[in-house]
Amino acid sequence: MINKIHARIYRPERGWDPVPADYAQQYVEAVWRQVDEAWLDALARRIGGFEGKEVLDLGGGPGQYSVAFTKRGASVTWLDVSRNYLRIAQEKAKEAGVEVTFVLGYMDEAMQILRKQFDFVFNRICFCYSWNDASFVDIIYQLVRPGGYAYIETNNSSFGRDKLSPHARFRTWLNAALRIKIGHPHPPRGRIPMLFLRYPIKQMVVEYPGPHIDRIFVQRAEE
Ligand SMILES: C[S@@+](CC[C@H](N)C(=O)[O-])C[C@H]1O[C@@H](n2cnc3c(N)ncnc32)[C@H](O)[C@@H]1O
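Residues numbered from 1 in each chain as written. Predicted model: local features only at pLDDT ≥ 70, side-chain atom pairs only at ≥ 80, totals over all residues. Heavy atoms only, no water.

**Quick look at the pattern of salt bridges**
Considering all chains together, one arrives at 15 salt bridges under this definition. The partner of glutamate 109 in a salt bridge is arginine 11, with the nearest N and O atoms 2.9 Å apart. Of this pair, glutamate 109 sits in the loop between strand S3 (101–104) and helix H6 (110–114) while arginine 11 sits in the loop between helix H1 (2–9) and helix H2 (21–33); the two residues are 98 residues apart in sequence, bridging distant segments of the chain. According to the relative accessible area criterion, arginine 11 is buried, its value standing at 14%. A single salt-bridge network, built from bridges that share partners, covers Glu54, Lys116, Asp119 and Arg145. (Salt bridge = Lys/Arg side-chain N within 4 Å of Asp/Glu carboxyl O. Helix = DSSP H or I, 4+ residues; strand = E, 2+ residues; numbered from the N terminus. Buried < 20%, exposed > 50% of the residue type's maximum accessible area, 1.4 Å probe, protein only.)

Shown next, in the form of structure tokens:
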């Protein structure tokens with residue numbers, strides 16, 4: 001609720017950007033070097049290849065995955081709230097010589113903005129910025145075509161716990177225990193898979209590559 005009110009006031013189309021330009025530039029250089037083609041090969045095998053697929057890079061930031069998916073033959077829509085990342089991702093796509101559809105907006109409003117479904121929705125390291133864990137899983141589910149796939153990679157609520165201020169720790173607890181989300185606490189481990197189980201799904205693979213990071217891969221049931 002509080003996050004929704006915040007989003008009513010702070011609008012990207014009116015120039016609001018949560019990511020400072022110098023931070024965005026630094027983050028870009030690091031993450032563009034980190035794209036792991038072997039991992040993308042594995043992801044491609046799971047979704048039956050990128051060729052011809054409509055893909056949504058939800059919270060696409062620097063655009064490294066949007067460009068990688070496009071190079072593999074997908075038709076990609078990048079959506080993010082940051083105008084600084086928009087500019088950088090557009091430049092990167094141009095440098096790479098690929099066409100990506102760029103949309104500035106809140107992830108939580110993706111359904112209203114885009115008004116379409118995708119074969120694959122990719123949401124990496126930005127789940128915490130959603131307004132509410134349960135409603136965001138619902139949005140991701142709705143954005144996926146029947147039979148299509150979603151991938152979420154997120155830090156969980158144990159991430160950086162020791163370094164959190166008492167206030168941030170309290171907000172993490174509020175979200176984990178009472179499902180009241182204020183700001184951007186990470187979801188507790190297991191919450192996202194449990195939320196997806198409320199919907200008809202064909203398969204779900206949950207991986208914990210480390211103690212603080214969770215990967216959830218879901219296929220929506222065919223209708
Ligand atoms: C850590 S970056 C991850 C970017 C990219 N997905 C990646 O894997 O590198 C987090 C991204 O979430 C975006 N973001 C934060 N809040 C958002 C919101 N409410 N709606 C859309 N994007 C948001 C930021 O602008 C940033 O691009």
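**Regarding the pairing of strand S1 (residues 54–58)**
Across the five residues of S1, four count as buried, placing the element largely inside the fold. Inspection of the sheet shows S1 paired to strand S2 (residues 75–80) by five bridges, in the parallel sense. When the sheet's bridge partners are listed, leucine 58 is paired in S2 with leucine 79. As a crossover connection, the stretch from S1 through helix H4 (residues 64–71) into S2 is right-handed. With three bridges connecting them, S1 and strand S4 (residues 118–124) associate as parallel partners. Looking across to S4, one finds that aspartate 57 is bridged to phenylalanine 122. (Pairing = 2+ DSSP bridges. Right-handed = clockwise from strand over helix to strand, strands pointing away.)

**Concerning the packing of H2 against helix H5 (residues 83–96)**
The geometry of H2 relative to H5 is characterised by a closest axis approach of 9 Å and an angle of 40° between their N-to-C directions. When the axes of H2 and H5 are compared, the pair comes out oblique. The two elements H2 and H5 meet at a crossing, and its hand is right-handed. Here Ala21, Tyr23, Ala24, Gln25, Tyr27, Val28, Glu29 and Trp32 of H2 lie close against H5, whose contacting residues are Asn84, Tyr85, Arg87, Ile88 and Lys92. Residue classes in the contact of H2 with H5 are distributed as eight nonpolar, two polar and three charged. (Axes fitted to C-alpha atoms, helices over the stretch in contact; angles between N-to-C directions. Parallel < 35°, antiparallel > 145°, perpendicular 65-115°, else oblique. Left-handed = near helix turned anticlockwise from the far one by under 90°. Contact = heavy atoms within 4.5 Å. Nonpolar A, V, L, I, M, F, W, Y, C, P; charged D, E, K, R; others polar.)

**Overview of the packing of aromatic side chains**
Centre distance and the angle of the planes are the two values used to describe a pair of aromatic rings. This model, assessed by the stated rule, comprises 21 aromatic pairs. Ring centres of tyrosine 23 and tyrosine 27 lie 6.0 Å apart, and the angle between their planes is 15°; on these two criteria the pair is classed as stacked. On the criterion of helical spacing, the pair formed by tyrosine 23 and tyrosine 27 is a turn pair, its members being four residues apart in helix H2. Here tyrosine 27 falls in the partly exposed class, since its relative accessible area comes to 29%. Between phenylalanine 170 and tryptophan 173 the ring centres are 6.0 Å apart and the planes differ by 20°, which places this aromatic pair in the stacked class. Here the residue phenylalanine 170 and the residue tryptophan 173 both occupy positions in helix H8 (residues 166–178), the gap between them amounting to three residues, near one helical turn. The partly exposed category is assigned to tryptophan 173, whose relative accessible area is 46%. (Phe/Tyr/Trp six-rings, centres within 6.5 Å; stacked < 30°, edge-to-face > 60°.)

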